[in-house]
Amino acid sequence: MGEQILHPPLPQAEARIRVLHEDVTIDKFGWLRNRENPDVVQYLEAENLYAEQATAHLAEIKQQLIAEIDRRKAGGGSHPVTVGPFEYFRMQEDGLPHPAWWRRPIAGGANELVLDPNTIQGAAVFFTLGTFEPSDDGRYLAYSFDVVGNEGFELRVRDVSSGQDVWRDPARIGQAVWAADSQSLFFSQERSDRRQHDRIVRLDVEASKSEVVFEESNERLAVVIRRSHSGAWLFLNVVPGCDNTLRVQRGAAEVWCLASNDPRGRWRRIVTRDLGHQVYAEHWNDSFLFRVDDNGPDWRMVSAPIADPSPAHWKEIVPHRSGVTLEEVHVFDQHLVSLERECLRPRLVVYGRNGEVKSVIVPEETTCTLKVGVSAGGSYSVARHRFYSSQLVYSVSSFIRPDTYTEYDMANGRSKIVYQADVPGYDPSQYVATIVMAEAEDGVQVPISLIARRDRQPGGPVLLNVYGCYGTTRWPSFFSAPSCLHERLSLLDRGIAFGIVHARGGGEFGRRWYDVAIRDRKTVTYTDLIRCAETLVERGYAARDGIIIEGKSAGGGTVLATAALRPDLFRAVIAEVPVADIIDTELDFNMPFALAETAEYGDPRVRDEYRYMRAYDPYYNLDADRPLPPTYIDAAINDSQVLYHQPARYVAQRRFCAFDRDPALVFRTRMLGGHSGFSHGPAVVEEAAFHQAWILDQLDRTDSSR
C-alpha cells in the first residue's frame, strides 16, 4: 500500500467585500472571529489534528530533544528579595508544579511560608504571577495571578500571620505598591472596555474600602503606579501606550507624586504633558531626579528641588551624549547608579553623593541582559534593592553565561558572586558568541548577535530570531525569551547557529532605532532582516537556503511579512501567535491594542497610510502565484494580546490561495495557556522540543521534498 496522503483542512469561505480608499478586499474568513460558533472550534481542532498527523514522523527526535532539555534543567534556588525586615525567597518541593514563597527575618529566625501557588484553584493547569508586593512591616502581601492565560490578573491581599486572604479584586490588575503605613495599597487597573491600565485605585486594607484616585481618558495613554527607591514617594506615570523603548523605566508624558506617608493626601503634578518630553522621576536626598529626553533621544539626568521641580530649576547631573542611552537610574542612600548602553554594550556607572563618578562596571559580554536589583519574577514585579546599603546587586545573563548575580560594594569596590544558575552538563567553553554587522539598504549597520558551537563548520544552517516593533529591545539571555539557550543548546549541538537580529523598529540603539521603522517606514524592519540574512550567507556564516526565521507576536507578523517579500531567501518560517492581519486589527478598535498600534503601523483610515500597509499586510498579500516557505504557526485560544483568530484567518486564507492547500503549512492552537505559552509542566518542554524537531526536519528535507 502506498503512503497515505494527508489533506489539510479548509474551512468554508464566506466572502465579505470591503471597499476602502477605492481599494477592494475580500475577507473570506471573518467568521472565524466568532468563538461561540461551533464551526470555529471544529476548524481549530481539525488543524490541530492535521498538525499532529503531518508531524507524526517527528515523534522519535522529539523524545530525544525532550530528554536532552530535561537533563539541562537548571538547579539551585534564587537570590532573595529584601523588603523591610524580611528576605523573601522561593523553594521548589518535589512533585509540585510551582515553587512556594517563603521568608526569613534578616536578623535571623525560622523560615515562614508566605504563599503557595499550588493551593490556588486552577494553578495546577496554568499559573502566572503578576505582582508580589509585601508591605513594609511584613504583615500583608499583595499578590496577583492569572490561572487562565488571558493576562486577567486577579489581585489579592493576604494577612501573612493568619495565611488568609482578606481582600480580592477580580478585575485586570497591573502594578501594586504599598504606602508607608503598610495598610494603603495603590494599584493600576483596566476598565472592561480597554486593554491597558487607565486608572489608579487606592485600597484601605483595614477598612476593606477602595476608591479610584486617578483616571486617564486619553485612550493612547496608560498609567503606571510605582514607589521611589527611597520609599518616601509614590509616583504616578502617564505613559504612551505603544512606546517600549525603555521597558523597565518607561518615560512618562506626565508625572504626579504623593508622599508615601500621606496616602490619603492630594496628588501633585510635577511634570505636565504640555512639556512635550518623556520623563522618569526618582527621589534622592532633598531633590527629585528626572531622566529626561529634552536635549535628545538618548536622555540626560537632572535634579530639581522638591518644592518647585519645574524645568527652570533643573540642574544637570549627567548630560545627553549622542550614542549613549541612559536607560535606568537606581538610587541608594549614599550612591546613585545609572545603567547605560553604548552601541550594544551595557555598563553600570556608580556616582557618589556629590555626583562624582566612583566606579564603572562593564560586563565581559558585548551583548547581554544586565539587570539591577532582584525581582520577584512576576509580570508586574520590578527589581528592588536595599536603599540604606552600599551593596549593589546586579545580574548578567548572556548567550554563554547562565544567570549570575553579583554583589558589588560601592563603598570599597569589592564584588562577589552571590548566586549562579547551575545547568547540569553545560560546558560554556564549547560555544562562541559573536556580533555580525550587516549593511542595510540605506547604509546603516544592523547588528546580529550570534552563537554557535566552537567546532561548527562555516556555512551551516542558522536560526534567526527577530522582533523589531514598538521600540522593544531583545538582548541575549540564557534562560529568558527570546534566546532560551538552555533549550536551544540541542540545536547548537547539531550544528545550527542561533542569532538575534536587532532590526530597526526595536529599541536597541535607543529612540532613533525605533522612530526610523514605524508607520510609513515600517518596511525598514523587514528589509533589515533580509539584509541580515543575505549578509550571513555572503560572509560564510550561513548556507544559502539554510536560514530559518522565527518571531513571536508582532515579531511573528515581521517574519510573515518578510517571507512574503523574499520567499526565496528562507528555508522555513516560525510565526508564534503572529499579528498576521495588521489592517483588520487597526480597523477594529475592539481589538487589543488596536488604537495604540496605529502609532506603530499607521492608520488605515488615512489613504496614504492604508496603501502603504496594504503593500505588506500578510493577510491581504497572499497569492497562489507566489508560494511561501514551509511555515509553522501557532495560536492560543485564551490569548488576550493576539486573538486566536488573527493567525487562524491567515492560515485559512493561505490554504485557500494555494492549489494544494499548502500542506507544508502547520498550524496548532493551544487550548490551554495564553500568549506566552504554557506556564509549567511537561507541556513547556514538549513545545520547545516540537519547535526544534520541526526545524531539524525542515533542514533535513531536500529541495524536491519541500
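Here is a short report on the structure shown in this document. (Residues numbered from 1 in each chain as written. Predicted model: local features only at pLDDT ≥ 70, side-chain atom pairs only at ≥ 80, totals over all residues. Heavy atoms only, no water.)

Side note on the pattern of salt bridges
Stage number 1. Following the criterion strictly, the structure yields 61 salt bridges and no others.
Stage number 2. A salt bridge links arginine 156 to glutamate 154, with the nearest nitrogen and oxygen atoms 2.8 Å apart. There is no split in this pair, since arginine 156 and glutamate 154 are both buried.
Stage number 3. With its nearest N and O atoms 2.6 Å apart, the salt bridge here joins glutamate 534 to arginine 566. (Salt bridge = Lys/Arg side-chain N within 4 Å of Asp/Glu carboxyl O. Buried < 20%, exposed > 50% of the residue type's maximum accessible area, 1.4 Å probe, protein only.)

Focus on the environment of serine 210
Stage number 1. With respect to the element layout, serine 210 can be found in strand β14 (residues 209-215).
Stage number 2. Note on serine 210: relative accessible area 43%, which makes it partly exposed.
Stage number 3. The spacing of serine 210 and arginine 321 is 111 residues in sequence and 45 Å in space, taken between C-alpha atoms. (Helix = DSSP H or I, 4+ residues; strand = E, 2+ residues; numbered from the N terminus.)

Describing the packing of helix α5 (residues 523-538) against helix α6 (residues 554-565)
Stage number 1. Two numbers describe how α5 lies on α6: the axes approach to 9 Å, and their chain directions differ by 65°. It follows that α5 is roughly perpendicular to α6 by the angle criterion. Helix-helix and strand crossings are classified by hand; for α5 and α6 the assignment is right-handed. Here Thr525, Tyr526, Leu529 and Ile530 of α5 come into contact with α6, specifically with Thr558, Ala561, Thr562 and Leu565.
Stage number 2. Tallied by class, residues from the contact of α5 with α6 come to 5 nonpolar, 3 polar and no charged. (Axes fitted to C-alpha atoms, helices over the stretch in contact; angles between N-to-C directions. Parallel < 35°, antiparallel > 145°, perpendicular 65-115°, else oblique. Left-handed = near helix turned anticlockwise from the far one by under 90°. Contact = heavy atoms within 4.5 Å. Nonpolar A, V, L, I, M, F, W, Y, C, P; charged D, E, K, R; others polar.)

Notes on the environment of valine 382
Stage number 1. Within the secondary structure, valine 382 is located in the loop between β27 (369-372) and β28 (391-397).
Stage number 2. Residues valine 382 and phenylalanine 132, 250 residues apart in the sequence, show an inter-C-alpha distance of 9.4 Å.
Stage number 3. Once residues lying within four places of it in the same chain are set aside, the contact partners of valine 382 are Val374 and Ser375.

Structural notes on the nonpolar core
Stage number 1. Counting 55 residues, the largest nonpolar core has Trp101, Val114, Phe132, Leu485, Phe498, Trp694 and Ile695 as its most contacted members.
Stage number 2. With 8 residues, helix α11 (residues 682-700) is the largest single contributor of residues to this core.
Stage number 3. For phenylalanine 132, the contacting residues outside a window of four places in its chain are Tyr88, Trp101, Val114, Leu115, Leu141, Ala142, Ala376 and Ser381.
Stage number 4. Judged by nonpolar contacts, the second largest core, of 53 residues, contains Ala452, Val573, Leu622 and Ile637. (Core = buried A, V, L, I, M, F, W, Y, C linked by side-chain atoms within 4.5 Å.)

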